[in-house]
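Here's the letter readout for the chains.
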Amino acid sequence: MGKFTVLNHPLIQHKLTIIRRKETGSNEFRRIVGEIAGLMTYEITRDLPLQDVEIETPMGKTVQKELAGKKLTIVPILRAGMGMVNGVLEMIPSAKVGVVGMYRDEETLKPVEYFFKVPKDVTERECLVVDPMLATGGSANLAIEALKKRGVTDIKLAVLVAAPEGVKAVQDEHPDVDIYAAALDDKLLPNGYIFPGLGDAGDRIFGTK
Ligand SMILES: O=P(O)(O)OC[C@H]1O[C@H](OP(=O)(O)OP(=O)(O)O)[C@H](O)[C@@H]1O
Ligand SMILES: O=c1cc[nH]c(=O)[nH]1
Ligand SMILES: [Mg+2]
């Protein structure tokens, strides 16, 4: 089963509380989603492999460390996942970005895919799927499945708020995928929204409501 990790650093918790508040406007919401994504990236990449590299400082030759291993592709699930991209890129500027467009049918709560575009060399890269909300888990599962169909084997999922139902759904369907969240909330409401959650992440980021 994939690991599920809550990244409950005090800065992350504090910032998450700000965006949960209903009075927080789109401008601040968008900025803080990016900041949390950056802080989460810092924690998610804690165990990245390093290799020795010989360099020359102005004082002379020395052997130091640099990142080794696979390069990263960030895969936001449109729309709301876009809010996390810049935060991750600030930590890993060399990452590429692929996108999966998906919306949840409001009646069935099933995801509908409408766009898919990833870098050509995606199979040689690790993919970090990002979306602020993991509710039923349907959208994340379909996005991961779409990547696997194209041959991607190394996938992680980062969300801000997870519902227990969504975590279980991804762990059941994709046991090879580790999940990182800023918070694990109480439950899913009958309308498919997370409680206490933060409302509709896409609408709050883009100001569409
Ligand atoms: O786990 P699930 O039950 O699939 O729900 C989570 C999905 O719902 C939201 O997207 P939404 O469909 O509102 O699209 P949007 O990002 O365009 O607003 C959210 O950003 C996730 O992608
Ligand atoms: O609480 C939720 C659930 C799904 N999508 C959201 O944006 N918020
Ligand atoms: Mg939405």
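Just so it is clear, the structure is predicted and the values come from calculations on it, not from any experiment. (Residues numbered from 1 in each chain as written. Chains lettered and ligands numbered in written order. Predicted model: local features only at pLDDT ≥ 70, side-chain atom pairs only at ≥ 80, totals over all residues. Heavy atoms only, no water.)

(A) The site of ligand 1, seen in detail. Not every one of the 16 residues close to ligand 1 is listed here, only the nearest: Arg104, Asp131, Thr136, Gly137 and Ser139. Contact between ligand 1 and aspartate 131: an oxygen atom at 2.4 Å from a side-chain N or O atom of the residue. In this structure, an oxygen atom belonging to ligand 1 sits 2.5 Å away from a side-chain N or O atom of threonine 136. Every element with two or more residues in the shell around ligand 1 is listed here: strand E6 (99-104), strand E9 (133-134) and helix H4 (138-149). Taken together, the residues that form the shell around ligand 1 break down as seven nonpolar, five polar and four charged. (Near = heavy atom within 4 Å. Polar contact = N/O pair within 3.5 Å; in protein donor to acceptor, adjacent residues only side chain to side chain. Helix = DSSP H or I, 4+ residues; strand = E, 2+ residues; numbered from the N terminus. Nonpolar A, V, L, I, M, F, W, Y, C, P; charged D, E, K, R; others polar.)

(B) Structural detail: the site of ligand 2. Close to ligand 2 lie Arg104, Met133, Ala135, Gly192, Tyr193, Ile194, Gly199, Asp200 and Ala201, which account for all nearby residues. Isoleucine 194 places a polar main-chain atom, nitrogen or oxygen, 2.8 Å from an oxygen atom of ligand 2. Out of a free accessible area of 240 Å², ligand 2 has 88% covered by protein chains. The residue makeup of the shell around ligand 2, split by class, is five nonpolar, two polar and two charged. (Areas by Shrake-Rupley, 256 points an atom, 1.4 Å probe, with all protein chains shown as cover.)

(C) Just the UniProt feature "binding site: uracil" in the chain, in detail. Feature annotation in UniProt places "binding site: uracil" on Ile194, Gly199, Asp200 and Ala201, given in this structure's numbering. Along the chain, glycine 199 turns up in the loop between strand E13 (194-195) and helix H6 (201-206). Residue glycine 199 is classed as partly exposed on the basis of its relative accessible area of 34%. Contact partners of glycine 199, with chain neighbours within four places excluded, come to Met133 and Tyr193. (UniProt positions renumbered as here; feature names shortened; annotations may be inferred. Buried < 20%, exposed > 50% of the residue type's maximum accessible area, 1.4 Å probe, protein only. Contact = heavy atoms within 4.5 Å.)

(D) Region of the structure containing helix H2 (residues 26-44). Helix length check: H2, at 19 residues, gives a terminal C-alpha distance of 26 Å against a target of 27 Å (1.5 Å per residue), a fit within 8%. Taken as a whole, H2 has its buried residues at Phe29, Ile32, Val33, Gly34, Ile36, Ala37, Gly38, Met40, Thr41 and Ile44. Those residues of H2 that are buried are in contact with helix H1 (10-20), helix H3 (82-91), strand E10 (155-162), strand E11 (178-184) and H6. (Expected span 1.5 Å × (residues − 1).)

(E) Fine view of the UniProt feature "binding site: 5-phospho-alpha-D-ribose 1-diphosphate" in the chain. Within the UniProt annotation, "binding site: 5-phospho-alpha-D-ribose 1-diphosphate" is assigned to Arg79, Arg104, Asp131, Pro132, Met133, Leu134, Ala135, Thr136, Gly137, Gly138, Ser139 and Asp200. Once residues lying within four places of it in the same chain are set aside, the contact partners of leucine 134 are Ala140, Leu157, Val159, Val161, Ala162, Ala163, Gly166, Val167, Val170, Ile179 and Ile194. Assignment of secondary structure puts aspartate 200 in the loop between E13 and H6. We classify aspartate 200 as partly exposed; its relative accessible area is 24%. Every residue in contact with aspartate 200, bar those within four places of it in the chain, is listed here: Arg79 and Tyr193. At 2.8 Å, the side chain of aspartate 200 and the side chain of tyrosine 193 are in polar contact.

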